[in-house]
Amino acid sequence: MNADREIGEVLSEFGFADPAATQEAREALVRAGLTRPGKARISDAKLDKVRALLEATFARTCTDATCRTALSRSKPAAALLTVPKGACEHCGGSDNLKAMRRLSALCRARHLHRVVVVGGSPSVREELIALKPPEWNLRLIDGTERRTGEKARADLEWAHLLFVWGSSELDHRVSKLYTDTASPHRHKVVQLARRGIAALLNAGSEHVERLQRP
Ligand SMILES: [Zn+2]
C-alpha cells in the first residue's frame with residue numbers, strides 16, 4: 001500500500017513552516033513535477049526527492065546579515081528565502097551557534113584549531129563542547145582551580161587561540177598566569193569580561209580578524 005502524508009506537514013518538518021516559505025516550496029515542487037497545484041497529500045516514496053529538491057533550491061535564512069552572507073557563500077546556487085529565525089539554516093535562531101559558525105570559519109581559513117578557554121561555568125563549558133566544530137581541539141580550564149605557572153605556559157605554547165574569560169568563575173591568580181604582557185604568546189590571548197557564549201566567540205572573531213589575514 002502506498003502511504004502518504006499531508007504536504008503542509010512535510011514542508012513544516014523540512015523548515016518551510018511560515019505561509020510565504022510554504023508557498024515558495026510548493027511552487028518549487030510543482031515545477032519539479034513532484035506534486036500538482038491544489039494537492040493536499042504527497043506519497044511517502046517522494047519525500048527523499050522533496051527534501052533534496054528543497055535543499056538544493058532554497059537557502060532558508062533569517063534577516064540577519066551574517067546569516068544571509070554565510071548562506072549565499074555556502075549555497076551559491078540556491079535562492080535566499082527569508083524565514084523566521086528558528087528555521088534559519090545558519091543560526092537556527094541561536095546567537096551562540098551563529099557566533100560559533102563565524103569564529104570557526106575564520107579559524108579554519110587561518111588553520112587555527114587549538115583553542116583554550118580559561119574560566120566560565122561548567123554549564124558553559126558543556127555548551128562549548130556541544131557547539132565546537134569537529135576540527136577544534138578544545139582545552140577548557142576551570143578558572144577556580146589552582147593552575148601552576150608551568151601548566152599555564154604549556155597552554156599558551158600549545159594554543160592557537162586562548163580566551164581568558166573573566167565574567168565568572170575566574171580566580172585572579174589563575175587569570176594572571178595567562179595575561180603577562182611580556183609573554184611571547186600574548187597575541188594569541190583574547191581577554192574579555194562580558195557574559196555569554198556569543199559575546200565570548202564574537203570577541204574571538206574580532207581578535208582573529210585583527211590578528212592576521214588568511
Ligand atoms: Zn540566522
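Everything numeric in this text was worked out from a predicted model, so none of it was measured.

Chemist: Give me the overall build of the chain: which residues, what numbers.
Modeler: Along the chain, the regular secondary structure elements total nine helices and eight strands. Against the globule reference of 17 Å for 214 residues, the chain gives a C-alpha radius of gyration of 22 Å, more extended than a compact globule. Considering only C-alpha atoms, the chain reaches an extent of 70 × 35 × 25 Å along its principal axes. In the chain, buried positions account for 32% of the 214 residues.

Chemist: Give a detailed account of the nonpolar core, specifying residues and quantitative values.
Modeler: One finds Val 116, Val 117, Val 118, Leu 161, Leu 162 and Phe 163 to be the most contacted residues of the largest nonpolar core, which totals 30 residues. Only helix H5 (95-109), strand S5 (114-118), helix H6 (122-131), strand S7 (161-165), helix H8 (172-178), strand S8 (189-192) and helix H9 (197-211) provide two or more residues apiece to this core. Per element, the largest residue contribution to this core is five residues, and it comes from S7. Those residues in contact with Leu 161, other than ones at most four positions away along the chain, are Cys 107, Leu 112, Val 115, Lys 188, Val 190, Gly 204 and Val 208.

Chemist: Any details on the packing of H5 against H9? Residues and values, ideally.
Modeler: As a packed pair, H5 and H9 sit with axes 8 Å apart at the nearest point and diverge in direction by 20°. Here H5 is positioned roughly parallel relative to H9, judged by the angle of their axes. Judged by the sense of rotation from one axis to the other, the crossing of H5 with H9 is left-handed. Where H5 approaches H9, its residues Asp 95, Asn 96, Ala 99, Met 100, Arg 102, Leu 103, Leu 106 and Cys 107 are matched on the opposing element by Ile 197, Ala 198, Leu 201, Asn 202, Gly 204, Ser 205, Val 208 and Glu 209. Residue composition of the contact of H5 with H9, by class: nine nonpolar, four polar and three charged.

Chemist: Account for the pairing of strand S6 (residues 137-141), naming residues and giving values.
Modeler: Note that S5 and S6 share five bridges and pair parallel. Paired with Val 117 across the strands is Leu 140, a residue of S6. The handedness of the S5 to S6 crossover, carried by H6, is right-handed.

Chemist: Describe the pairing of strand S4 (residues 79-82), listing the residues and the values that go with them.
Modeler: One ladder, built from four bridges, connects strand S3 (residues 58-61) with S4; its direction is parallel. Within S4, the residue paired with Phe 58 across the bridge is Ala 79. As a crossover connection, the stretch from S3 through helix H4 (residues 65-74) into S4 is right-handed.

Chemist: Mind laying out unusual backbone geometry, listing which residues take part and the relevant values?
Modeler: Positive phi, close to 60°, is recorded for His 111, a residue that is not glycine. Exposure remark for His 111: the 9 C-beta atoms within 10 Å place this residue in the exposed category.

Chemist: Outline the environment of Gly 120, supporting the account with residue identities and numerical values.
Modeler: Considering the arrangement of structural elements, one finds Gly 120 in the loop between S5 and H6. A count of 25 C-beta atoms within 10 Å places Gly 120 in the buried class. Separated by 38 residues in sequence, Gly 120 and Trp 158 place their C-alpha atoms 20 Å apart.

About the criteria used
- Residues numbered from 1 in each chain as written.
- Predicted model: local features only at pLDDT ≥ 70, side-chain atom pairs only at ≥ 80, totals over all residues.
- Helix = DSSP H or I, 4+ residues; strand = E, 2+ residues; numbered from the N terminus.
- Rg over C-alpha atoms; globule rule 2.2 N^0.38 Å.
- Buried ≥ 20, exposed ≤ 12 C-beta atoms within 10 Å, placed from the backbone.
- Core = buried A, V, L, I, M, F, W, Y, C linked by C-beta atoms within 7 Å.
- Contact = placed C-beta atoms within 7 Å.
- Axes fitted to C-alpha atoms, helices over the stretch in contact; angles between N-to-C directions.
- Parallel < 35°, antiparallel > 145°, perpendicular 65-115°, else oblique.
- Left-handed = near helix turned anticlockwise from the far one by under 90°.
- Nonpolar A, V, L, I, M, F, W, Y, C, P; charged D, E, K, R; others polar.
- Pairing = 2+ DSSP bridges.
- Right-handed = clockwise from strand over helix to strand, strands pointing away.

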